[in-house]
Amino acid sequence: MIPESISLLQRQLLINQCKILSIIGDETEKDANERRIEILEKGYTGLYPKVFNTLYEEVPISVYNEISDIMKMYGRINDSIRLLTDDEKETLDLALLEFEGFDEDSGMHYYMMSYLVDRMDQHGEYKGRQLKSHKGTSMLKYNRMLSIFSEFENTNKQQYSASDLKKFIEVLSLTVA
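Predicted model, so just to flag it, every value in this text is computed and none were measured.

Peer 1: Describe the pattern of salt bridges, and please don't skip the residues or the numbers.
Peer 2: Counted according to the given criterion, the structure contains seven salt bridges. Residue Lys 135 pairs with Glu 100 through a salt bridge whose shortest N-O separation is 3.4 Å. Of this pair, Lys 135 sits in the loop between helix H6 (109-118) and helix H7 (138-154) while Glu 100 sits in the loop between helix H5 (86-91) and H6, and the two are 35 residues apart along the sequence. Across the pair Lys 157 and Asp 164 runs a salt bridge whose closest N-O atoms are separated by 2.9 Å. Relative accessible area serves as the criterion here: at 28%, Lys 157 is assigned to the partly exposed category. Note on Asp 164: relative accessible area 5%, which makes it buried. Shared partners join several salt bridges into a network, and the residues in it are Lys 72, Arg 76 and Glu 153.

Below is the structure:
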C-alpha cells in the first residue's frame, strides 16, 4: 500500500537513500531519484506513487495459507487417484476434481501461485501447466473442497479411498446443481 502520509523522519531517511542511489546509479536512475527527492522534500503526497512505483501490495498470509491448503489437498487427491483401481476410477467423475488454476482477476492467488511454481520451485507438478483459471468460480470450488479436506485433516486421513473422493465430487455436484 502506498502511504498517504510519511513522517518527517521516514521522509528524511528515504531522501538520503535516494541521494545515495542517484550518486551510484546511471543517468536515468539519477533523474528518477532526483524527482523522488523533490517529491519527498516537498511532501507531495499525491505524487507518492511515483516514489513507491516499484512496490506491490502485500500478499496477505491468508492467501499463502489458502494456496498451501489447496495444494496439500490436491497432492493427497492426486496421490489417492493414482492408487485407485481402473474400476474405481470409472465409477467416479474425476474430471470434476481437476485443478483449474486461479482466476487472475479475482485476487492475488494466481500471482502467488505463479511465483511459488516458477520462482520458488514449489509444487513442481504444476510447472509448465496452465495456472490461470478461465472460470470465475475456481475459488468457490476449492473452498467447498477444503471443507471436506478439513474433515479428513481432523481425522489425520493421509490417503483417500474411492468413497472419500466421492465426497469431494458430491460437494462439487451440489455447486453445479
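Peer 1: Hey, could you go over a negative patch on the surface for me, with residue numbers and the actual values?
Peer 2: On the surface, Asp 26, Glu 27, Glu 29, Asp 31 and Glu 34 cluster together to form a negatively charged patch. Relative to the assigned elements, Glu 29 resides in helix H2 (residues 27-42).

Peer 1: Any chance you could break down helix H1 (residues 8-24) for me, citing the residues and the numbers?
Peer 2: Under the 1.5 Å per step criterion, the end-to-end length of H1 is 25 Å for 17 residues, consistent within 8% with the ideal 24 Å. Every buried residue of H1 is listed here: Arg 11, Ile 15, Cys 18 and Ser 22. Along the axis of H1, the buried positions cluster into a sector of 65°, meaning they face one direction only. Facing away from the buried side of H1 by over 90 degrees, the exposed positions are Leu 9, Ile 20, Ile 23 and Ile 24. Where H1 is buried, its residues contact H2 and helix H3 (48-51).

Peer 1: How would you summarise a nonpolar patch on the surface if you had to cite specific residues and measurements?
Peer 2: Taken together, the side chains of Ile 20, Leu 21, Ile 23 and Ile 24 make up a nonpolar region of the molecular surface, amounting to roughly 450 Å² of accessible area. As for its placement among the helices and strands, Ile 24 is situated in helix H1. The exposure class of Ile 24 is exposed, given its relative accessible area of 65%.

Peer 1: Explain the layout of surface pockets residue by residue, including any values.
Peer 2: In this structure, the second largest pocket encloses a volume near 200 Å³. Around the second largest pocket, the lining comprises 13 residues; the ones closest to its centre are Cys 18, Leu 21, Asn 33, Arg 36 and Val 51. Counting only elements with at least two residues in the lining of the second largest pocket, the list comes to H1 and H2.

Peer 1: Break down the packing of helix H4 (residues 61-83) against H6 for me, citing the residues and quoting the values.
Peer 2: Where H4 meets H6, the axes come as close as 10 Å, and the angle between the chain directions of the two elements is 65°. By crossing handedness, the relation of H4 to H6 is classed as right-handed. On the side of H4, the interface is formed by Val 63, Tyr 64, Glu 66, Ile 67 and Met 71, while H6 contributes His 109, Met 112, Met 113 and Leu 116. Of the residues contributing to the contact of H4 with H6, the split by class is seven nonpolar, one polar and one charged.

Peer 1: Tell me about the packing of H1 against H2, residues and numbers included.
Peer 2: It is at 9 Å that the axes of H1 and H2 come closest, and there the two elements cross at 165°. Judged by the angle between their axes, H1 and H2 are roughly antiparallel. Note that H1 runs across H2; the crossing there is left-handed. Of the residues in H2, those in contact with Arg 11, Leu 14, Ile 15, Cys 18, Lys 19, Leu 21 and Ser 22 of H1 are Lys 30, Asn 33, Arg 36, Ile 37, Leu 40, Glu 41 and Lys 42. Partitioning the contact of H1 with H2 into residue classes produces six nonpolar, two polar and six charged.

Peer 1: Provide a residue-level description of unusual backbone geometry, including the pertinent values.
Peer 2: Phi is positive for Asp 121, which is not a glycine, with a value near 55°. Position of Asp 121 relative to the elements: it lies in the loop between H6 and H7. For Asp 121, a relative accessible area of 60% puts it in the exposed group. Unusually for a residue other than glycine, Asn 156 sits at a positive phi of about 55°. Topologically, Asn 156 is positioned in the loop between H7 and helix H8 (162-176). The exposed category is assigned to Asn 156, whose relative accessible area is 60%.

Calculation criteria
Numbers given for residues are sequential positions, taken from 1 along each chain in its written order. Confidence filtering applies because this is a predicted model: local features only for residues at pLDDT of at least 70, side-chain atom pairs given and counted only at 80 or more, and all residues used for totals across whole chains, interfaces and linings. Note that the side-chain values use all heavy atoms of the structure and ignore hydrogens as well as water. A carboxyl oxygen of Asp or Glu within 4 Å of a side-chain nitrogen of Lys or Arg is what we treat as a salt bridge. Every helix listed is a DSSP run of H or I at least four residues long, and every strand listed is a run of E at least two residues long, numbered separately from the N terminus. Three exposure classes are used, based on accessible area relative to the maximum for each residue type with a 1.4 Å probe and protein chains only: buried under 20%, partly exposed in between, and exposed over 50%. The patches reported here contain residues having more than 30% relative accessible area and no salt bridge. Joining distances are 9 Å for like charges and 5 Å for nonpolar side chains (Val, Leu, Ile, Met, Phe, Trp, Tyr). Areas reported here follow the Shrake-Rupley algorithm with a probe of radius 1.4 Å; residue values treat only the protein chains shown as occluding. When charges are tallied, Lys and Arg are placed among the positive residues and Asp and Glu among the negative ones, while His and the ends of the chain are skipped. We put the charge of a Lys on NZ, of an Arg on CZ, of an Asp on CG and of a Glu on CD. To estimate how far a helix should reach, multiply one less than its number of residues by 1.5 Å. An arc is given here, and it is the one of the directions from the helix axis to the C-beta atoms. Should any heavy atoms of two residues lie within 4.5 Å, those residues are counted as being in contact. Here a cavity denotes a set of grid points, spaced 1 Å apart and computed over the protein atoms alone, in which a 1.4 Å probe fits but from which it cannot get out, and a pocket denotes an open set meeting protein on both sides within 12 Å along at least five of seven lines; residues with an atom within 4 Å of a point are reported as lining. Grid points are joined across faces, edges and corners, and a volume is the space filled by probe spheres set on the points. Throughout, an axis means a line fitted to C-alpha atoms (over the contacting stretch in the case of helices), and angles, computed between N-to-C directions, take values from 0 to 180 degrees. Note on convention: near helix rotated counterclockwise from far helix by under a right angle means a left-handed crossing. Clockwise means right-handed. When residues are sorted by character, Ala, Val, Leu, Ile, Met, Phe, Trp, Tyr, Cys and Pro go into the nonpolar class, Asp, Glu, Lys and Arg into the charged class, and all the rest, Gly among them, into the polar class. An angle counts as roughly parallel when it lies under 35 degrees, as roughly antiparallel when it exceeds 145, as roughly perpendicular when it falls between 65 and 115, and as oblique in every other case.

Coordinates in, geometry out; function isn't part of it.
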